Amino acid sequence: MRVLIGPDADPDTDDGLREIYTPPRLPWLRANMVSSVDGGATGGDGRSGTVNTGVDQEVFQLLRRLADVILVGAGTVRAERYGPVQTPILVVSGSGDVPPSARGGDPGAVRLATSESAPLLDEARAVLGEDHVYVVGETAVDLIGLVDRLHEDGFRHVLCEGGPSLLGDLVRAGVVDELCATLAPRLLAGDGRRILTGPALDVPLTLGSLLEEDGTLLARWLVQS
């Protein structure tokens, strides 16, 4: 791996890669997404795992270790079959549904954010425990309120792994500080989704760093305040 733009650090060592990806301050909300050269965020099976590369996986795992909590939409949890990992996972679900793959871990390993009117709110509390279900918003999840709640609970470094709808909503809410975007050296065509979906927006970014290995480009884009 080589640094094209960024700090004078060795990305082939754990310390060097950590130096490149350590947030400049806390609290910090970082998103991490991957796409093909032609913009596809998922492969033919509807999963991002068919797009990413070995070095992307390496950075993916590092970002998880650096984060206090992983924020992810329920649709992505179902599609990617997310389960409990070392870093707590917070699932955002409008209905309050806890996806099957996210059940059965230690208390607090998986949490859920939903609204007061969610039809499956009581079930989520029964599955995860009331303390691990965040009710933020009356009829829809209040993302600004959710991020504030996470900070209050000590989760100051938040990593969003999508999906595209959730990431688009977070950007529109103005709570995203950084986008880590991997460009995989392949073309996919088809009708795959982009890394952000929803109404049009225009958010200026600054390139914080750029790494390369075997054609895979890994960029850190900082949201201009």
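Residues numbered from 1 in each chain as written. Predicted model: local features only at pLDDT ≥ 70, side-chain atom pairs only at ≥ 80, totals over all residues. Heavy atoms only, no water.

One way to put it is that helix α1 (residues 14–21) packs onto helix α2 (residues 54–66) with a least axis distance of 11 Å and a crossing angle of 70°. As the angle between them shows, α1 and α2 are arranged roughly perpendicular. The two elements α1 and α2 cross, and the hand of that crossing is right-handed. Taken together, the residues of α2 that come into contact with α1 (itself represented by Asp14, Leu17, Arg18 and Tyr21) are Glu58, Val59, Leu62, Leu63, Arg65 and Leu66. Per-class residue counts for the contact of α1 with α2 are 6 nonpolar, no polar and 4 charged. (Axes fitted to C-alpha atoms, helices over the stretch in contact; angles between N-to-C directions. Helix = DSSP H or I, 4+ residues; strand = E, 2+ residues; numbered from the N terminus. Parallel < 35°, antiparallel > 145°, perpendicular 65-115°, else oblique. Left-handed = near helix turned anticlockwise from the far one by under 90°. Contact = heavy atoms within 4.5 Å. Nonpolar A, V, L, I, M, F, W, Y, C, P; charged D, E, K, R; others polar.)

Turning next to unusual backbone geometry. Of note, the amide linkage connecting Leu26 to Pro27 takes the cis form, showing an omega dihedral of 0°. Take Pro27: it is sitting in the loop between α1 and β2 (28–36). Looking along the chain, the bond that leaves Gly162 and enters Gly163 is cis, with omega of 5°. Residues other than glycine seldom take positive phi values, yet Ala189 does so here, at roughly 55°. Residue placement: Ala189 occurs in the loop between β8 (178–184) and β9 (205–213). In the Ramachandran plot, Asp214 falls in the positive-phi region, its phi being about 50° despite a non-glycine side chain.

Bringing the packing of aromatic side chains into the picture now. Tallied over the full model, the rule gives 0 aromatic pairs. Here the guanidinium or amino end of Arg149 rests over the ring plane of Tyr134, the centre of that ring lying 4.1 Å away. (Phe/Tyr/Trp six-rings, centres within 6.5 Å; stacked < 30°, edge-to-face > 60°. Lys NZ or Arg CZ within 6 Å of the ring centre and 35° of its normal.)

Moving on: the sheet that holds strand β7 (residues 157–160). The strand order across the open sheet formed by 10 strands is β1-β9-β10-β8-β2-β7-β3-β4-β5-β6, and the pairing between neighbours is mixed. With one partner strand each, in any of the chains shown, β1 (2–5) and β6 (133–135) form the two edges of the open sheet. The mean inter-strand angle of the sheet, taken between neighbouring strand axes irrespective of direction, is 20°. Sheet strands in contact with α1 are β1, β2, β8, β9 and β10 (216–223), and its direction is about 160° off that of β9. Here helix α4 (residues 121–128) sits on the sheet in contact with β5 (110–114) and β6, set at roughly 150° to β6. (Pairing = 2+ DSSP bridges.)

Here the focus is the pairing of β8. In the case of a regular strand, side chains alternate between the two sheet surfaces. Among the 7 residues of β8, 6 are classified as buried, and the element is accordingly described as predominantly covered. Here β2 pairs with β8 via 7 bridges, running parallel. Bridging across to β8, Met33 finds its partner in Ala181. Note: β8 against β10, 6 bridges, orientation antiparallel. Across the sheet, the residue bridging to Cys180 is Arg220, located in β10. (Buried < 20%, exposed > 50% of the residue type's maximum accessible area, 1.4 Å probe, protein only.)

On to the nonpolar core, then. Ranked by size, the top nonpolar core spans 31 residues in total, and within it Leu17, Tyr21, Val91, Leu112 and Leu211 carry the most contacts. Counting residues per element, this core draws most heavily on α2, at 5 residues. Excluding residues within four positions of it along the chain, Val91 makes contact with Val72, Gly73, Ala74, Val77, Pro99, Val110, Arg111, Leu112 and Ala113. Counting 28 residues, the second-largest nonpolar core is a separate cluster that includes Leu90, Val158, Cys160 and Leu170. (Core = buried A, V, L, I, M, F, W, Y, C linked by side-chain atoms within 4.5 Å.)

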